Amino acid sequence: MSDDAALTLRATGGRAPDVFRPGGWVPMREYRDDEAVDFVIVGTGAGGGTLACKLAEHGFSVVALDAGPYWRPLEDFASDEAHQAKLYWSDERIVDGDNPLQLGSNNSGRSVGGSTVHFAMVSLRFRPEWFKARTKLGYGADWPVDWREIWTYYREVEQALKISGPINYPWGPHRPRYPYRAHELNGPALVLARGAEALGIDWSPTPIATLSAPRGLAHPCVYRGMCVIGCSTNAKQSVLVTWLPRALATGAEIRDLAMVGRIEHDAAGRATGVAYHRAGRWRFQRARNVVVAGYAIETPRLLLNSATDRFPDGLANSSGLVGRNLTVQSNQAVWGIVQEEVRPYKGPPSLALTEHWNYTDTGKDFFGGYCYMSQGLLPMVAGGLQAKRGLWGQRLLDAMENYNHQVGLKIVGECLPQERNCVTLSDERDALGLRIPRVTYSYCDNDKRLIAHALVFMRRALAAAGGRDIWDETDDTAHMHGTARMGDDSATSVVNGDCRSWDIPNLWICDGSVFPTVGGVNPSLTIQALACRTADRIKALAARGEL
Amino acid sequence: MGERYPGYDVLNKRHTPSWNEQTRKVVDERLAIDPERYTFCTEDEWLTLKAVCSRIVPQPGRRRLQAPLAAMIDRKLQEGVGDGYREARLPPADEAWRRGLRAFDAEANARHGCVFHLLLDAERDALLAAVQQGAAHDPAWGDMPPALFFAKRLLHDIVGAYYSHPVAWNEIGFGGPASPRGYVRLALDRRDPWEAAEAHSGEEEAARRDNARVG
C-alpha cells in the first residue's frame, strides 16, 4: 500500500498514478503556474476529463484541476459502503425548497474522474426529439445543436468506453451494435423483463460502461455489485481509467487535490486564469482559456463566487441565468419482494431497462418521458430505504430480512426546467473561506404527474412479475443540470452551442450545467458526447483564428 | 421467527478471495470500535444516545457480536465528516444531535419525570414514535423540527451505521465484501457456494450445513 491519496498529492513531480498498476506511475508533463496554457479546466469528470483528453489530442496545452484525490482503484478501493463514502462530495451544502435534494452520495463525486468513479455506468442516448423539445414536443427549450451530430459523438464515446449492450436496441433510430456484448442479466433484471413481457412492452439489457470482455490491463466485470461505491477491479469504464490515461499520454497535466476558488479576468473582461488551493496555499494558474466543468452545483458556485466590480452578478451572467433552471431527474421507485432469491447485491445495479415511456407519446398526461430500470442495492442503501419509509425497531429488522428477495424498478424521469429551482450562494463559508452553495428545488405539477404515472405503471409491472408487498419510494432524485444552459440567444442562455460563454469569449462550460432540458435517461453519455463535440468545435475555431 | 440464515458468518470469508487487504483493514477497524468509548458526547448525551440506538435497532441479546451503534455515531460526529448536504431547517449534524438528545431527555422528564435512558422500553418507543410524528413540543427542540430531525438525522445515521456492520450483513444474508472474486451465478434462485444459504421451512439444518461451508 502506498500513500493516502486523500491527503497526499499524487499527480506531481513529473508523474501521475498509473491506475492500472498498484503503486505504479506514468509520466506527466507539467506546466508552471505563470505559463499561460491554452486551456485550464476546472474538474475532471464526464465533462472536464473527456475535454482534457480531446483538447490535448488536438494539440492544445492543457492543465486540468480537480478538488478530489487521484485514486488507483486496484489498491485504494475497499469492498465497503461506509468506507467508500470517501468518493463523495462531503462538503456542506444547504438544501431547501419544497423537495430538498439529497446530495453527497447522490450525484456528486470528489475524485479525479469526478462522479464517474461511482456512477452506475448506465450509458443511454437521448431521444432525437429531445434536442428540439420546445419545437417538436411543446415543452422546455430547444438545444442549439443537431441531434444527428450528437448521435455521431455518441458512437465515439461508446467506442471509447467499450460500452456493453444489445445487438439491437428496441427504441429510436437505428444505432450501431454496441462494442462489447451485453452482460448476463442478474435477478432484478430478470424480474424487470418478466414484468415488461407480461404488460406487452419492450425491454432491453442496459447499455452499460463496464467490460463484458477483457480490455488492455482491465478484466471483465466480476459482478461484485459495488459499482456505485467505486469499482475495485477497473472493469468500470470511468473517466479515471479511460479518458484521463489518454490525456496524460498526450501531454495534459492533471492536478489532484486542487480546489479552484475563483476565476480572474483582465481589464478587457477576458479570463486570465484561476486561483486554486493546493498543498496548503493559494496559487494562480494562467491560461488563455478557462473551462468550468464542476457539474451543476460547483460550476455556478464558482462563476458566482468570481464576481467582480465589472461582473457584480458573477461571471458569464448577463442573462441572470447562472445557477437558474437547476433541473434534476425524478428517481422514484417501486420496491417489492418476490418468491425467488434475487440477491440484489450481485452484478451492476441496473442491468435491464425499458424506454417505453420515453418513446411513447400517447397515454400521458404530462410532458417529457421516463425510462425505468431494474435496481439492485447494497445493505446501507437498503436500510436507508426502509428508514425513509419511517420503519425502525422490529419492523425495520423484519423488513430487512427480506433483503435477498427485494427488487426495485426505478425511473430516470424528465423534470421540467424552472427558473425558481436554483443554486445560489449562502452566507456560510467553507474551510477555504468560499461561500457555500444553497440548492433550492421544488417539483412542478408536470413533474408530479410524470412521477404518479410512473409509479402506477411500475406497480403494475412489478405485480405482474410476481412482486408482492409493493411500496413506493417517492422522494428520490438523480443527476443535476441546467444551471448554465446553452442556447441560441444570449438573453436566454449562458453559453452558445459551442459551450462558450456569451459574455466572456475565452470562458467555456463543459458539464451537465449546459443542458437546457434533461430527457428521461442518465446524462453521462451525453455530457461526454458534448465534450467531444466541444473539443472539435474549439479545434475548428482555433484553425479559423476565432478562439 | 428463527434466523433466516442460520450459522452464516460473513467474517468466515475474511481469508477467502472475496476479501482483499484493503477491505480487511476497514472492516477490522469497525470491529475494533470500543462500544463504551465516546469522545463527542457528554455523559448524559451518551446514555441517551445508547438508549435511542437500542430501540431504533433492537439487536438480539443472544448475539455474541453487537454493532456498537452509539459509539459509531459518536465517532462519526467527532470526526466531523458530513454527508455533503443538510436541510436548511436543520442545524449542522453535531449541533442537531446534541440538541436532539437533550430534547429527548427534556421530553422524557416532562412526560415521566426522568431522563430518557431510565424509561421502560415501551415508554422509550412511545416517545420515539411521538417525535417521529412531530408530536413533541418541548422548548429544548428550539427551531429544529422534531420530525425532520428524526427522519433525516436520527434514523438516517443509526440505520446507516447498523447496516455497515457485519452483524447486520449476517442477519440479512448479504454476501459482504466481494473483491476480487465477485460472483458467478447471477440468475434467480442461484447461489454461489460463498454466499449465505437461506433457511426454508423444515430445512433449517440443511441451510446451517451449507452456511458452515461458506468460505
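Preceding block: the structure.
Residues numbered from 1 in each chain as written. Chains lettered and ligands numbered in written order. Predicted model: local features only at pLDDT ≥ 70, side-chain atom pairs only at ≥ 80, totals over all residues.

Asker: Whenever I open this one, the overall build of chain A confuses me. Can you help?
Answerer: A count of helical and extended segments in chain A gives 12 helices and 20 strands. Taking 2.2 N^0.38 as the reference for a compact globule, 547 residues should give roughly 24 Å; the C-alpha atoms of chain A span a radius of gyration of 22 Å, in line with that estimate. Projected onto its principal axes, the C-alpha positions of chain A cover 65 × 55 × 50 Å. Buried residues in chain A amount to 60% of all 547 residues. In chain A, of all internal contacts separated by at least 6 residues, the share reaching a separation of at least 24 is 74%. (Helix = DSSP H or I, 4+ residues; strand = E, 2+ residues; numbered from the N terminus. Rg over C-alpha atoms; globule rule 2.2 N^0.38 Å. Buried ≥ 20, exposed ≤ 12 C-beta atoms within 10 Å, placed from the backbone. Contact = placed C-beta atoms within 7 Å.)

Asker: Explain the overall build of chain B here, please?
Answerer: Counting its regular elements, chain B contains eight helices and one strand. Put simply, chain B runs from its N terminus to its C terminus through helices and strands in the order α-α-α-β-α-α-α-α-α. Projected onto the principal axes, the alpha-carbon positions of chain B cover approximately 55 × 40 × 30 Å. Here chain B holds 215 residues, and the buried ones make up 47% of them. Counting contacts in chain B only where the partners sit at least 6 residues apart, residues at least 24 apart contribute 69% of the total.

Asker: Would you mind going over helix H12 (residues 524-543) of chain A with me for this structure?
Answerer: An α-helical turn contains 3.6 residues, so any two residues separated by three or four positions project in the same direction. Taking 1.5 Å per residue, 20 residues should reach 28 Å; H12 of chain A reaches 29 Å between its end C-alpha atoms and fits that length. Remark: Gly545 of chain A follows H12 of chain A within two positions and exhibits a positive phi of approximately 70°. (Expected span 1.5 Å × (residues − 1).)

Asker: Looking at this structure, how should I read the sheet that holds strand E1 (residues 86-87) of chain B?
Answerer: Strands pair in a sheet through their backbones, by hydrogen bonds, and they do so in one of two ways: parallel or antiparallel. Spatial strand order, E16(A)-E17(A)-E5(A)-E1(B): four strands in an open sheet with mixed pairing. Since the sheet does not close on itself, it has two edges, and those belong to strand E16 (422-429) of chain A together with E1 of chain B, each with one partner. Relative to strand E17 (residues 435-440) of chain A, E16 of chain A runs antiparallel, the two being bridged by five bridges. For Val423 of chain A, the partnering residue across the bridge sits in E17 of chain A and is Val439 of chain A. (Pairing = 2+ DSSP bridges.)

Asker: What exactly am I supposed to notice about the nonpolar core here?
Answerer: Soluble globular proteins tend to pack their nonpolar side chains together in the buried interior. One finds Ile41, Ala52, Val62, Ile254 and Val291 of chain A together with Leu69 and Ile158 of chain B to be the most contacted residues of the largest nonpolar core, which totals 227 residues. In this structure, Ile41 of chain A is in contact with Gly48, Leu51, Ala52, Val62, Ala64, Val291 and Ala293 of chain A, ignoring residues within four places of it in sequence. Counting eight residues, the second-largest nonpolar core is a separate cluster that includes Tyr5, Tyr8, Trp194 and Val214 of chain B. (Core = buried A, V, L, I, M, F, W, Y, C linked by C-beta atoms within 7 Å.)

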